[in-house]
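The chain contents come next:
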Amino acid sequence: MSYTMNFEFVLPTKIKFGEGVSREIAAEIKGLGKERPLILTDKGLLKAGVVDKIAAALAAGGLQYTIFDEIEPNPRDLTVQKAYEAATICRADILVAIGGGSSMDTAKGVGVLMSHGGIINDYEGLDKVTKPICDLIAIPTTVGTGSEVTFWSVITDTKRHFKMSVGSPLVAPKLALVDPDLVASLPPSIIASTGMDALTHAIEGYTCTLAEPITDACGIYAIKMIADNLRNAVYTDDSQAKANMLLGSLIAGICFGNSDIAGVHCMAEALGGLYDTPHGIANAILLPYVMEYNYVASLDKFAEIAKAMGEPIDGLSKRDAAYRAVTAVHKLNQDLDMPTLKDIGAKEEDLQELAQRSSVNVSVDSNPRKAGKSDFLALFQKAYH
Ligand SMILES: [Fe+2]
């Protein structure tokens, strides 16, 4: 591969990875000179006792905290507003997001409102955020979003039923505490769906038009790590496989955070906006179809993906080797028992609308092969039938 482009690589987030690092939270908050954390999470994590572990560490460090636990999957603008009001009432000076992308993206939105005012919808798009946001510590509890290191907050605009993206390096968390202890008892179905989100990040980040050498290095490493570990993480008690998935998801986040996502996410976000489909499931359903459309535009990279996913490609033509990447993802979806577009309740009469929404996604120009509304429609139809 040769590179002639200029590029920039930004990683504003300090990362601490390892068993037990989430329990270092009180010292980290004090180190930042802060004292009133607001925890942003969901009721499921509270019930599962995950939040308790971190709350206990805060209390042991002598910090008073408040918990906002009303974050839902595919978080809405109204939830960001409600969480912002909670932050104002408790006079929070630092945010602690515990959860998957929903918690972290909501916390990023709250951080934006705390430093800028207004409503989150005012900041849709790239670089509308102009000042540092309230300090945010991200503690991921799924193996998929990579939101702990990305510059994006994806929030559903309830009026438009549209997933809008708020993006700026200023939105990135100050610190990511990435602790394998927190994913050790994650339900297999969540590992499968969030793991497919992470794989989609790595593949899209690696193949999109904004890819550069550093994101390539992260992307192909993450693809291999995820492909090597996802089945074991889902079907066995192998805690190393789960830790590796958490790490793969983080590295995939570093990749696509600096390059971009592409066609799969354009379509998956349309699905999520219309049907509230879990994000990882939406990506898993669409990933092989979009790869089949894209692989001709980047034979070298798709052949590398096939190799990283363990496909035997020696002796194959470049084109056949590249196509094996598509086959590998179909096989992975089968092994993980991923649903189809019909299974999740998509309706044929909605496909036009879904294609329209996909074609206006902020990342549409990042797809390695040019794609417009008619192409997205054809891909939705292929996935549907
Ligand atoms: Fe994603």
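Residues numbered from 1 in each chain as written. Predicted model: local features only at pLDDT ≥ 70, side-chain atom pairs only at ≥ 80, totals over all residues.

Draft legend 1. Representation of the environment of Tyr123 in the model. Along the chain, Tyr123 falls in the loop between helix H5 (101-116) and strand E5 (125-126). Tyr123 gets classed as buried once you count the C-beta atoms within 10 Å, which come to 23. Counting along the chain gives 61 residues from Tyr123 to Ala184, while the straight-line C-alpha distance between them is 36 Å. (Helix = DSSP H or I, 4+ residues; strand = E, 2+ residues; numbered from the N terminus. Buried ≥ 20, exposed ≤ 12 C-beta atoms within 10 Å, placed from the backbone.)

Draft legend 2. Quick peek at the pairing of strand E2 (residues 37-40). Because side chains alternate across E2, one face comprises the buried residues Pro37 and Ile39, and the other comprises Leu38 and Leu40, equally buried. Relative to strand E4 (residues 94-99), E2 runs parallel, the two sharing four bridges. In the sheet register, Leu40 faces E4, and the bridge partner there is Ala97. Here E2 pairs with strand E3 (residues 66-68) via three bridges, running parallel. Opposite Leu40, over in E3, you have Phe68 as the bridge partner. (Pairing = 2+ DSSP bridges.)

Draft legend 3. Geometry of helix H12 (residues 318-335). With 18 residues, H12 should reach 26 Å at 1.5 Å per residue; the first-to-last C-alpha distance of 26 Å fits that figure. For H12, every residue scored as buried is listed here: Ala321, Ala322, Tyr323, Arg324, Ala325, Val326, Ala328, Val329 and Leu332. On its buried side, H12 packs onto helix H7 (213-235), helix H10 (279-294) and helix H11 (299-308). Looking one or two residues beyond H12, the residue adopting positive phi is Asp337, at roughly 60°. (Expected span 1.5 Å × (residues − 1). Contact = placed C-beta atoms within 7 Å.)

Draft legend 4. Geometry of the packing of H10 against helix H14 (residues 373-384). Relative to each other, H10 and H14 sit at 125°, their axes nearing to 10 Å. When the axes of H10 and H14 are compared, the pair comes out oblique. Note on packing geometry: the crossing formed by H10 with H14 is right-handed. Residues Ile285, Leu286, Tyr289, Val290 and Tyr293 of H10 pack against Asp375, Leu379, Lys382 and Ala383 of H14. Broken down by class, the residue content of the contact of H10 with H14 amounts to seven nonpolar, no polar and two charged. (Axes fitted to C-alpha atoms, helices over the stretch in contact; angles between N-to-C directions. Parallel < 35°, antiparallel > 145°, perpendicular 65-115°, else oblique. Left-handed = near helix turned anticlockwise from the far one by under 90°. Nonpolar A, V, L, I, M, F, W, Y, C, P; charged D, E, K, R; others polar.)

Draft legend 5. Here's a closer look at the domain arrangement of the chain. As assigned here, the chain comprises domain 1 (14-183) and domain 2 (188-384). Placing the centre of domain 1 and that of domain 2 at their C-alpha centroids yields a distance of 25 Å. At the interface, 27 residues of domain 1 touch 30 residues of domain 2. When residues of the side of domain 1 that touches domain 2 are traced back to their parent elements, those giving at least two are E5, strand E7 (152-157) and strand E8 (162-167). Examining the composition of the side of domain 1 that touches domain 2, we find that three residues originate from one element, E8, more than from any other. When grouped by side-chain class, the residues that make up the side of domain 1 that touches domain 2 number twelve nonpolar, 13 polar and two charged. (Domains from an automatic or database assignment.)

Draft legend 6. Molecular detail of the sheet that holds E2. Strand order in the open sheet formed by six strands is E1-E9-E6-E4-E2-E3, and the pairing between neighbours is parallel. Strands with a single pairing partner mark the edges of an open sheet, and in this sheet they are strand E1 (14-17) and E3. Averaged over all adjacent pairs, the angle separating strand axes in this sheet is 20°, with direction ignored. Here H5 sits on the sheet and contacts E2, E4 and strand E6 (136-140); the angle it forms with E4, its principal contact strand, is near 165°.

Draft legend 7. Focus on the nonpolar core. Residues Leu40, Leu95, Val96, Ile223, Met267 and Ala325 are the most contacted members of the largest nonpolar core, which totals 126 residues. Per-domain counts for this core show at least three residues from each of domain 1 (14-183) and domain 2 (188-384). Leu95 has contacts with Leu38, Leu40, Ala87, Ala107, Val110, Gly111, Cys134 and Leu136, leaving out every residue within four places of it along the chain. (Core = buried A, V, L, I, M, F, W, Y, C linked by C-beta atoms within 7 Å.)

Draft legend 8. Geometry of the packing of helix H4 (residues 77-89) against H5. Contact geometry of H4 with H5 gives a least axis separation of 9 Å together with a crossing angle of 60°. Relative to H5, H4 is oriented oblique. You can see that H4 and H5 cross each other, and the crossing is right-handed. Contacts from Thr79, Val80, Ala83, Tyr84 and Ala87 of H4 reach H5 at Thr106, Gly109, Val110, Leu113 and Met114. When its residues are assigned to classes, the contact of H4 with H5 shows seven nonpolar, three polar and no charged.

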